[in-house]
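Residue-level structure breakdown
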Amino acid sequence: MRDLARMTRAELAEFIRDGGGADYAELMREADRLRHLSYDNEVYTRGLIEFTNFCKNDCLYCGIRRSNPYAERYRLTQRQILECCSLGWELGYRTFVLQGGEDPYFTDERIERIVYSIRSTHPDCAVTLSIGERSRESYQRFYNAGAQRYLLRHETANDEHYHKLHPAAMSPENRKRCLWDLRDIGYQVGAGFMVGSPFQTPEYLADDLLFLQELQPHMVGIGPFIPQKDTPFGTFPSGTVEQTLLLLAMLRMLLPTALLPATTAVGTLDPLGREKALKAGANVVMPNLSPTDVRKKYLLYDNKICTGDEAAECRFCIQGRVERAGFRLTVSRGDHKEWRMQHDAIGS
Ligand code: SAM
């Protein structure tokens, strides 16, 4: 099997264009072996709380973009977020992911208060934020309040492609600046991208892989692009499960200890998509903990699964899926191993 880490942009692009070609079966075996080496058969779980769908951005692919008049807007109160966490704790979650649109209502002070109160109520739990682009100062404040992880997909590492997916007001430089700042502050950082987004080429995907090798994030979230009918990309085709699995396995080879989620989007395109993703090298699942009455409103793309389920149903459904795929769902914070060792060493 060829060494992906030594491939040039052109070679990576060709490998992707060929779907792994003659190396496909070995790639999948190697990805599985490397995941087992770092994580045995453990799958980490995080409770996802989608706490606001207000967004000041206008990403052309996203169902909660500012100019979608059909998105029914909501935001959870601090009390509701804490109730989700308490329910999550009872269900065995030890990590809460707070995700939302870029909602100016959630000022630095409000986010700090929320993070601080979750960490005080559940000191054995980790808090992950996924609330978009902010200043370095804001990221530092959230970190000081107790957030230790941050998910911010870079979306695409290619500047030309970035501008085709986003309005002129958004810049790839700022997105990348955020990721470097987050790393520098000491967060466990998650980057990532959609597979099969409009105008994507194998060369652009090669750029993503090269950027990720440079950034060395602790987590990488990838999932297929799925159109949302009320967006400018509403009639574009979805990405494919096959290409998502190929890229997951390539990522496992390039970043052997990374935390790689089996995303809801891959489960939306294929009822067994998350199980397939685990077998291709993923090792994290993120069941939904948001109150059932708001789930349908966090509609990034059409036909999203699990929007009618209760938190407990999602928890036990995912456990069954993980176990049937031959893995074990772990009740722990599920830190990135090297990050944990560094932080234990400095006593934080
Ligand atoms: N506002 C935060 C941010 O910018 O990181 C977090 C929320 S954002 C909606 C979360 C992710 O959803 C994005 O990074 C994007 O990759 C993904 N997403 C948005 N629209 C999508 C679509 N149509 N298909 C698949 N994924 C989508």
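Everything here concerns the structure above.
In short, a report on the structure.

Reading the values: the criteria
Residues numbered from 1 in each chain as written. Predicted model: local features only at pLDDT ≥ 70, side-chain atom pairs only at ≥ 80, totals over all residues. Heavy atoms only, no water. Core = buried A, V, L, I, M, F, W, Y, C linked by side-chain atoms within 4.5 Å. Buried < 20%, exposed > 50% of the residue type's maximum accessible area, 1.4 Å probe, protein only. Axes fitted to C-alpha atoms, helices over the stretch in contact; angles between N-to-C directions. Helix = DSSP H or I, 4+ residues; strand = E, 2+ residues; numbered from the N terminus. Parallel < 35°, antiparallel > 145°, perpendicular 65-115°, else oblique. Contact = heavy atoms within 4.5 Å. Nonpolar A, V, L, I, M, F, W, Y, C, P; charged D, E, K, R; others polar. Near = heavy atom within 4 Å. Polar contact = N/O pair within 3.5 Å; in protein donor to acceptor, adjacent residues only side chain to side chain. Pairing = 2+ DSSP bridges. Right-handed = clockwise from strand over helix to strand, strands pointing away. Disulfide = S-S within 2.5 Å. Salt bridge = Lys/Arg side-chain N within 4 Å of Asp/Glu carboxyl O. 1 Å grid on protein atoms, 1.4 Å probe; cavity = no way out; pocket = protein on both sides within 12 Å on 5 of 7 lines; lining within 4 Å. Points joined across faces, edges and corners; volume = space filled by probe spheres on them. Left-handed = near helix turned anticlockwise from the far one by under 90°. Arc of directions from axis to C-beta. Phe/Tyr/Trp six-rings, centres within 6.5 Å; stacked < 30°, edge-to-face > 60°. Lys NZ or Arg CZ within 6 Å of the ring centre and 35° of its normal.

1. Considering the nonpolar core
Counting 95 residues, the largest nonpolar core has Ile 49, Phe 51, Leu 129, Tyr 139, Tyr 187, Leu 247 and Met 250 as the members making the most contacts within it. Within the second largest apolar cluster, 8 residues are counted, among which are Tyr 44, Leu 48, Leu 151 and Val 284.

2. A few points about the packing of helix H1 (residues 9-17) against helix H9 (residues 241-254)
In a packed pair of helices, the relevant descriptors are the angle between the two axes and the axis-to-axis distance. Between H1 and H9, the shortest axis-to-axis distance is 11 Å and the interhelical angle comes to 140°. In this view, H1 runs oblique relative to H9, as classed from their interaxial angle. Contacts between H1 and H9 involve Leu 12, Phe 15 and Ile 16 from the former and Gln 243, Leu 246, Leu 247 and Met 250 from the latter. In terms of residue class, the contact of H1 with H9 is built from 6 nonpolar, 1 polar and no charged.

3. Re the site of the ligand
Near the ligand lie 18 residues; those nearest to it are Tyr 61, Gly 100, Arg 153, Glu 155 and Ile 226. In this structure, a nitrogen atom belonging to the ligand sits 3.0 Å away from a main-chain N or O atom of Tyr 61. Within the side chain of Arg 153, an N or O atom sits 3.0 Å from an oxygen atom of the ligand. In terms of residue class, the shell around the ligand is built from 10 nonpolar, 5 polar and 3 charged.

4. Concerning the pairing of strand E2 (residues 47-52)
Counting buried positions along E2 gives 6 out of 6 residues, so the element sits mostly inside the fold. Where E2 and strand E3 (residues 95-100) come together, 5 bridges link them in parallel fashion. Residue pairing in the sheet places Gly 47 in a bridge with Phe 96 of E3. Chirality of the crossover, the property in question, places the unit of E2, helix H3 (residues 78-90) and E3 among those that are right-handed.

5. Things to note about the side chain of Lys 176
In this structure, Lys 176 sits in helix H7 (residues 172-185). On the accessibility criterion, Lys 176 (19% relative accessible area) is buried. Discounting chain neighbours no more than four positions away, the residues touching Lys 176 are Ala 157, Asp 159 and Phe 211.

6. Regarding the sheet that holds strand E9 (residues 328-330)
As summarised here, the arrangement of the 3 strands in space is E8-E1-E9, forming an open sheet in which the pairing is parallel. Edge strands, defined here as strands with exactly one partner in the open sheet, are strand E8 (284-285) and E9. With respect to the sheet, helix H13 (residues 311-324) is in contact with strand E1 (42-45), E8 and E9, its orientation differing from that of E9 by roughly 135°.

7. Considerations on the state of the cysteines
Scanning the model with the defined rule gives 0 disulfides in all. Cys 59 supplies the cysteine sulfur nearest to Cys 55, a cysteine that is in no disulfide, at a spacing of 6.2 Å. Classification of Cys 55 by relative accessible area gives buried; the value is 17%. The thiol of Cys 317 is unpaired, and the distance to the nearest cysteine sulfur, on Cys 306, comes to 6.0 Å. Given a relative accessible area of 33%, Cys 317 falls into the partly exposed group.

8. A short note on the pattern of salt bridges
A pair can form between side chains of opposite charge whenever their charged atoms are brought close. Counted according to the given criterion, the structure contains 30 salt bridges. The shortest N-O distance in the salt bridge between Arg 33 and Glu 30 comes to 2.9 Å. Residue Arg 33 and its partner Glu 30 are both found in helix H2 (residues 24-39); the two are separated by 3 residues, about one turn of the helix. In this structure Arg 33 comes out as partly exposed when scored by relative accessible area, which is 43%.

9. Some details on the layout of surface pockets
When its volume is computed, the largest pocket comes out at roughly 220 Å³. Taken together, 15 residues make up the lining of the largest pocket; nearest its centre are Arg 183, Gln 216, His 218, His 336 and Glu 338. Looking at the lining of the largest pocket, the element that brings in the most residues is helix H14 (residues 337-345), giving 4 residues. Looking at the lining of the largest pocket residue by residue, the class counts come to 6 nonpolar, 7 polar and 2 charged.

10. Re the packing of helix H5 (residues 136-145) against H7
For the pair H5 and H7, interaxial distance at closest approach is 10 Å and the crossing angle is 35°. Seen along the crossing, H5 lies across H7 with a hand that is right-handed. Side by side, H5 and H7 meet where Arg 136, Tyr 139, Gln 140 and Tyr 143 of the first sit next to Arg 177, Cys 178, Asp 181, Leu 182, Asp 184 and Ile 185 of the second. Among the residues making up the contact of H5 with H7, the classes are represented as 5 nonpolar, 1 polar and 4 charged.

11. Quick notes on H1
Within H1, burial applies to Leu 12, Ala 13, Phe 15 and Ile 16. Taken around the axis of H1, the buried residues stretch over an arc of 160°, which confines them to a single face. Of the residues in H1, the exposed ones pointing more than 90 degrees away from the buried face are Ala 10 and Arg 17. In this fold, the buried residues of H1 make contact with H2, helix H8 (202-215) and H9. Remark: Gly 19 follows H1 within two positions and exhibits a positive phi of approximately 65°.

12. Some thoughts on the packing of aromatic side chains
Going through the model one piece at a time under the given rule, you end up with 9 aromatic pairs. With a centroid separation of 5.0 Å and an interplanar angle of 90°, the aromatic rings of Tyr 105 and Phe 106 are classed as edge-to-face. By relative accessible area, which is 36% here, Tyr 105 ends up partly exposed. Taking the centre distance of 5.9 Å and the plane angle of 85° together, the rings of Tyr 150 and Tyr 187 count as edge-to-face. Of this pair, Tyr 150 sits in strand E5 (residues 149-151) while Tyr 187 is found in the loop between H7 and strand E6 (188-195), placing the two residues 37 residues apart along the sequence. Look at Tyr 150 and you get buried, because its relative accessible area is 0%. For Tyr 187, a relative accessible area of 1% puts it in the buried group. Within the aromatic cluster, the residues linked to one another by ring pairs are Tyr 139, Tyr 143, Tyr 150 and Tyr 187. Above the plane of the ring of Phe 54 lies Arg 75, whose end atom (NZ or CZ) is 4.1 Å from the centre. Here Lys 176 stacks its cationic end above the ring of Phe 211, 5.3 Å away from the centre of that ring.

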